[in-house]
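Chain residues, written in single-letter form:
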2 protein chains.
Amino acid sequence: MILGAGFGGLYAAKHLNHPSIRITLIDKRNYHLFQPLLYQVATAGLSPGDIAAPIRSIFSTQKNTTVILGEVTSVDTQNKKVILAHGEIDYDILIVATGATHSYFGHNEWAQHAPGLKSIEDALEIRRRALIAYETAEVETDPEARPAQLTFVIVGAGPTGVELAGALAEISQHTLARDFRNIDPTQARILLLDGQSRVLPTYPPDLSAKAQKQLEAIGVEVKTNAHVTCIDATGISLGDERIAARTVLWCAGVAADPWAASLGAPRDRAGRILVRPDLTLPDHDNVYVIGDLAAVAQGEGFVPGVAPAAIQQGRHAARNVLRTLQGKPQLDFRYVDKGSLATIGRAAAVAFWHGFHLSGIIAWFAWLVIHIFFLIGFRNRFSVIFNWAYSYLTFRKSARLIIGGNRKVDR
Amino acid sequence: MILGAGFGGLYAAKHLNHPSIRITLIDKRNYHLFQPLLYQVATAGLSPGDIAAPIRSIFSTQKNTTVILGEVTSVDTQNKKVILAHGEIDYDILIVATGATHSYFGHNEWAQHAPGLKSIEDALEIRRRALIAYETAEVETDPEARPAQLTFVIVGAGPTGVELAGALAEISQHTLARDFRNIDPTQARILLLDGQSRVLPTYPPDLSAKAQKQLEAIGVEVKTNAHVTCIDATGISLGDERIAARTVLWCAGVAADPWAASLGAPRDRAGRILVRPDLTLPDHDNVYVIGDLAAVAQGEGFVPGVAPAAIQQGRHAARNVLRTLQGKPQLDFRYVDKGSLATIGRAAAVAFWHGFHLSGIIAWFAWLVIHIFFLIGFRNRFSVIFNWAYSYLTFRKSARLIIGGNRKVDR
């Protein structure tokens, strides 16, 4: 049984396509989400359907796999049962790949003011907030109130924060530039904060510097060593400094879902499960934990929580399951770092790959090709290429819709 | 000032593109919605972004037009003010084109069990309910409970009801056919009800008969002269007859928004404003009401509430506004019926046009061409053509995502 159809669970299931194995794949969504492009849904560049593929379609022809829509509430490793909101299911071997959620570092009251970006619902909420901010500023009669309405603060300058800041800058500088009569969208302030001393802290320092330069070139203000002390409805505080801002977005911390405690395994500070080198639980040979939920030691640190690591772990867990069934010993996992890529608005990006450091349009092009290559489904690939080409040539965004939630301007 | 950026308001604003006129266009959405294809969002064939275009983009280069996101709460015709949720705006001439909403004929308690289809939120809710129904049946352990879970009842066999029924039949017969392991989606029951004696009651009787035949050929059960007496969480009653059904959809009645009463004009039973032949209010030469909110007498009846009528009224109101400004008398509106078209699943449709009655694949092809022609925006046209071609060739639906609301299976 596999819990979660993200990158880890999907690749594990695909690699267990043997008629002698019966797979039950459980996810709380009916679709696999291509998370690396989620920020493009949040910034109106793509529609949810472009980056999601129904899990049932993916496994339609893989007859050994039964897909179940269900939400895990706990795992009973003693009795080998998964408890779902709507019932229980027994397993022989379990691969847990349910991913992570946001962490507000103990300040859950910030969540309502600073949404994070993990799900399509999150992305649509961010899109709604960003678009409503411009609409509200347009009808604002007090000119003093406008700057805060057009201030967007992104907390956390990892890849997602950098990409979100770049895309928001592009919207204000190009997409919306001529669409309003009372405000000038190009005056919007996009502020990217990080607690560490540079953007993209997991990247080599020279690329961090280049990324910051590219961000500043398109109008993003970068503030490093910034420690958030308060977020409320009117803005954000960094110690004594107060920034009035209507829109604050959270790209900082990740945490495990609370139900992961039921696995009864040691966990790190973020709640991630400390697995053995073969990806199994310390006390249970038949339970694998992979992807963002797993803390896999490697060298002096841990394997990073990125899509390529989840994919490799999914494949590795599948391989170990097959070896177990053949009576062979399990193998230890070793993460092969294939490099990293982050994009920064139009035709700018940074990348490193086997010692090469790239930036600018070449890195951006690599980013395009790789992201299209790994997208699941022909239709999605085509649609994403078309939407990117369209939006690149026209500066328009295809999905500028305010849907759901509070659609009203609000002063 | 124009209220509403549906077909009526949009075409009125486009025809008032003169530098001497200042237009304020107010809508509670930030997008123009191509309502005739909304049922395709409800049935996962298209994404919301495919059939919606941001109003600001449409008027980006029409400099005499200011777009405002705002919800009308009332109109003060004496003092020539529109009252919005966030403030008041004065007008000289007003064109009201805010459309209609659902009517449950006095049974508002049915609304929660039988959602209607007027907005993108409605369409996503219907999509969610339909997809969750199959997911729930798949995990159902009591085989007796499954038939009701896979029964879909559509109340109202006008064009929307017919199109929705056809698309749901296509999903169960083709799209989902191989995706489940415990249920056979082709066994789903799609039931189309109408209180009148035939489907498409506003069409010529021979086309109603052909439409019913085409519907039955793709597996839709049609029930005419059916009078709904109760809808609740477990099904629907027609007098003594009870139909157990998890999913009931409402395509029957329309009604005006309650705020329309503030216009102080005589209204028909559905709350529509009875306008004069020149489309103005009886007591106010400077207030036009057009589209689904207007009851425009013509011949023995009223102009139908369809998109072509709203477009013609929008143009006509604009022409009368220009004539007024030139000191010329207003002209009476005359609806030119360009024919009607309704599609029924794959490659089937009925149409009538200037005395010609068409059905089958020719009518379906006419339907495709006309709907693409009237879609606003190049990107939408391209995207819709692509999605249709893709879904026609592969039997897949591009937007099978369960988003928002309750995503859980529920037995």
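The structure displayed is predicted, hence computed values, not measured ones. (Residues numbered from 1 in each chain as written. Chains lettered and ligands numbered in written order. Predicted model: local features only at pLDDT ≥ 70, side-chain atom pairs only at ≥ 80, totals over all residues. Heavy atoms only, no water.)

*Asks:* Help me understand the interface of chain B and chain A, please; the structure alone is not making it clear to me.
*Replies:* How big an interface is tends to be stated in terms of the accessible area lost upon association of its parts. Of the residues lining the interface, 52 residues belong to chain B; the matching set on chain A comes to 52 residues. Approximately 4,900 Å² of surface area, both sides summed, lies buried where chain B meets chain A, with 55% of it carried by carbon and sulfur atoms. When residues of chain B are sorted by the area they lose upon contact with chain A, Arg56, Arg181 and Arg379 of chain B head the list and together hold 16% of the total. Counting the contacts that link chain B with chain A gives 2 salt bridges. When the shortest N-O distance is used, the salt bridge between Glu135 of chain B and Arg56 of chain A registers 2.6 Å. Summed over the shared surface of chain B and chain A, the number is 20 residue pairs in polar contact (both at pLDDT 80 or more). Elements supplying a minimum of two residues to the side of chain B that touches chain A: strand 4 (52–54), helix 3 (55–58), strand 5 (65–69), helix 4 (120–139) and helix 10 (378–394) of chain B. Broken down by element, the residue count for the side of chain B that touches chain A peaks at 8 residues, all from helix 4 of chain B. Its residues assigned to classes, the side of chain B that touches chain A shows 22 nonpolar, 13 polar and 17 charged. (Contact = heavy atoms within 4.5 Å. Buried area = accessible area lost by both parts, 1.4 Å probe. Salt bridge = Lys/Arg side-chain N within 4 Å of Asp/Glu carboxyl O. Polar contact = N/O pair within 3.5 Å; in protein donor to acceptor, adjacent residues only side chain to side chain. Helix = DSSP H or I, 4+ residues; strand = E, 2+ residues; numbered from the N terminus. Nonpolar A, V, L, I, M, F, W, Y, C, P; charged D, E, K, R; others polar.)

*Asks:* Is there a simple way to explain unusual backbone geometry in this structure?
*Replies:* Positioned with a positive phi, Lys80 of chain A is a non-glycine residue whose angle comes to about 50°. Looking at the secondary structure, you find Lys80 of chain A in the loop between strand 6 (72–76) and strand 7 (81–84). Classification of Lys80 of chain A as partly exposed rests on a relative accessible area of 35%. Phi angles above zero are rare outside glycine, and Leu200 of chain B is one such case at about 45°. Structurally, Leu200 of chain B can be placed in the loop between strand 12 (189–193) and helix 7 (205–217). Owing to a relative accessible area of 0%, Leu200 of chain B belongs among the buried residues under this scheme. (Buried < 20%, exposed > 50% of the residue type's maximum accessible area, 1.4 Å probe, protein only.)

*Asks:* Would you mind going over the confidence of the model for chain A with me for this structure?
*Replies:* Reading predicted coordinates in detail is not appropriate for stretches of low pLDDT. Of all residues in chain A, 99% have pLDDT values of 70 or greater, and the mean over the chain is 92. Both scores are given for the predicted complex: the pTM is 0.91, the ipTM 0.87. (pLDDT = per-residue confidence, 0-100.)

*Asks:* Please explain a nonpolar patch on the surface as it appears in this structure.
*Replies:* Residues and elements named next belong to chain B. A cluster of nonpolar side chains, Trp353, Phe356, Leu358, Ile361 and Ile362, forms an exposed patch at the surface whose accessible area comes to about 540 Å². The set of elements that each furnish at least two residues to the nonpolar patch consists of strand 27 (356–359) and helix 9 (361–374). When you line up the elements, Leu358 lands in strand 27. (Patch = residues over 30% accessible without salt bridge, like charges linked within 9 Å, V, L, I, M, F, W, Y side chains within 5 Å. Areas by Shrake-Rupley, 256 points an atom, 1.4 Å probe, with all protein chains shown as cover.)

*Asks:* Help me understand empty space enclosed by the protein, please; the structure alone is not making it clear to me.
*Replies:* Once rolled over the atoms, a probe with the size of a water molecule shows which space is left empty. Inspection of the entire model under this criterion finds 10 cavities of 30 Å³ or more. Its volume calculated, the largest cavity comes out at about 130 Å³. Taken together, 16 residues make up the lining of the largest cavity; nearest its centre are Pro48 and Leu124 of chain A together with Pro48, Leu124 and Ile403 of chain B. Secondary structure elements with two or more residues in the lining of the largest cavity: helix 4 (120–139) of chain A together with helix 4 of chain B. Counted as a void, the second largest cavity has a volume near 60 Å³. (1 Å grid on protein atoms, 1.4 Å probe; cavity = no way out; pocket = protein on both sides within 12 Å on 5 of 7 lines; lining within 4 Å. Points joined across faces, edges and corners; volume = space filled by probe spheres on them.)

*Asks:* Looking at this model, I keep getting lost on the sheet that holds strand 27 (residues 356–359) of chain A. Mind explaining?
*Replies:* Hydrogen bonds between backbone groups are what pair the strands of a sheet, and the pairing can be parallel or antiparallel. Residues and elements named next belong to chain A. Ordered by their spatial adjacency, 3 strands build an open sheet running 25-26-27, and the pairing between neighbours is antiparallel. Every other strand in the sheet has two partners, leaving strand 25 (340–343) and strand 27 as the edge strands with one partner each. Going from strand to strand, the sheet's axes swing by 5° on average, the running direction of each strand aside. In the sheet, strand 25 pairs with strand 26 (residues 349–353) via 4 bridges, with the strands oriented antiparallel. Residue pairing across strands places Leu341 opposite Ala351, the latter belonging to strand 26. (Pairing = 2+ DSSP bridges. Axes fitted to C-alpha atoms, helices over the stretch in contact; angles between N-to-C directions.)

*Asks:* How should I be thinking about the packing of helix 9 of chain B against helix 10 of chain B in this particular structure?
*Replies:* The description of two packed helices rests on the angle between their axes and on the distance between the axes. All names here are of chain B. The interhelical angle for the contact between helix 9 and helix 10, taken along N-to-C directions, is 150°, at an axis separation of 9 Å. By the angle class used here, helix 9 and helix 10 are roughly antiparallel. In contact with Trp364, Trp367, Leu368, His371, Ile372 and Phe373 of helix 9, helix 10 contributes Arg381, Val384, Ile385, Trp388 and Tyr392. In the contact of helix 9 with helix 10, the residues fall into 9 nonpolar, 1 polar and 1 charged. (Parallel < 35°, antiparallel > 145°, perpendicular 65-115°, else oblique.)

*Asks:* Is there a simple way to think about the pattern of salt bridges in this case?
*Replies:* Oppositely charged side chains can pair when the atoms bearing their charge come close. Residue and element names in this part refer to chain A. Summed over the entire model, instances satisfying the criterion amount to 26 salt bridges over all chains. Asp90 is the salt-bridge partner of Lys81, the closest N and O atoms lying 3.2 Å from each other. Of the residues examined, Lys81 reaches a relative accessible area of 24% and is grouped as partly exposed. For the salt bridge of Glu125 with Arg129, the shortest nitrogen-to-oxygen distance reads 2.7 Å. Here Glu125 and its partner Arg129 are both found in helix 4, 4 residues apart, which amounts to about one turn of the helix. Given a relative accessible area of 22%, Arg129 falls into the partly exposed group. A network of salt bridges, in which partner residues are shared, links Lys81, Glu88 and Asp90.

*Asks:* What am I meant to see in the sheet that holds strand 1 (residues 2–3) of chain A here?
*Replies:* All names here are of chain A. A sheet is described by the order of its strands in space; here 6 strands give the open sequence 5-2-1-9-21-20, paired in mixed fashion. With partners counted over all chains shown, the strands left at the sheet margins are strand 5 (65–69) and strand 20 (280–281), one partner each. Set on the sheet, helix 8 (residues 307–325) makes contact with strand 9 (94–96) and strand 21 (284–289); between it and strand 21 the angle comes to about 160°.

*Asks:* Just checking my understanding: could you explain the packing of aromatic side chains for this structure?
*Replies:* With the rule as written, the count across this model stands at 26 aromatic pairs over all chains. A ring pair is formed by Phe382 of chain A and Phe386 of chain B, whose centres lie 4.0 Å apart and whose planes are at 20°; its orientation type is stacked. Linking Phe382 of chain A in helix 10 (residues 378–394) with Phe386 of chain B in helix 10, this pair reaches from one chain into another. Cluster of aromatic residues (ring-pair linked, three or more members): Phe382, Phe386 and Tyr390 of chain A together with Phe382, Phe386 and Tyr390 of chain B. Above the plane of the ring of Phe59 of chain A lies Lys14 of chain A, whose end atom (NZ or CZ) is 4.9 Å from the centre. Here Arg272 of chain A stacks its cationic end above the ring of Phe302 of chain A, 5.6 Å away from the centre of that ring. (Phe/Tyr/Trp six-rings, centres within 6.5 Å; stacked < 30°, edge-to-face > 60°. Lys NZ or Arg CZ within 6 Å of the ring centre and 35° of its normal.)

*Asks:* What is the right way to read the environment of Thr394 of chain B from this model?
*Replies:* All names here are of chain B. Within the secondary structure layout, Thr394 lies in helix 10. C-alpha of Thr394 to C-alpha of Phe180: the two residues are 214 residues apart in sequence and 18 Å apart in space. Among the polar contacts made by the side chain of Thr394, one reaches the main-chain carbonyl oxygen of Tyr390 at a distance of 2.7 Å.

*Asks:* Mind showing me how you'd approach the relation of the copies chain B and chain A here?
*Replies:* Relating the two copies of this chain is a rotation about some axis coupled with a shift parallel to it. Mapping chain B onto chain A leaves a residual RMSD of 0.0 Å; the transformation is a rotation of 180° accompanied by 0.0 Å of translation along its axis. Seen this way, the second copy is the image of the first under a two-fold rotation axis. Closest approach to the rotation axis among the C-alpha atoms of chain B is made by Ser47 of chain B, whose C-alpha sits 3.6 Å away. In this assembly, 100% of the residues forming the interface of chain B have copies in chain A that are likewise at the interface, indicating an isologous arrangement. (Least-squares fit on C-alpha atoms with pLDDT ≥ 70 in both.)

*Asks:* Would you mind showing me how to read the side chain of His284 of chain A here?
*Replies:* All names here are of chain A. Topologically, His284 is positioned in strand 21. Residue classification places His284 among the buried residues on the basis of a relative accessible area of 15%. In this structure the side chain of His284 is engaged in a polar contact, spanning 3.3 Å, whose partner is the side chain of Thr77. What His284 contacts, discounting residues up to four positions off in sequence, is Thr77, Gln78 and Arg276.

*Asks:* So what exactly am I meant to see when it comes to the environment of Ala318 of chain B here?
*Replies:* All names here are of chain B. Within the secondary structure, Ala318 sits in helix 8 (residues 307–325). The class of Ala318 is buried, set by a relative accessible area of 0%. A C-alpha to C-alpha distance of 30 Å links Ala318 and Gly158, two positions 160 residues apart in sequence. Contact partners of Ala318, with chain neighbours within four places excluded, come to Ala12, His15 and Leu16.

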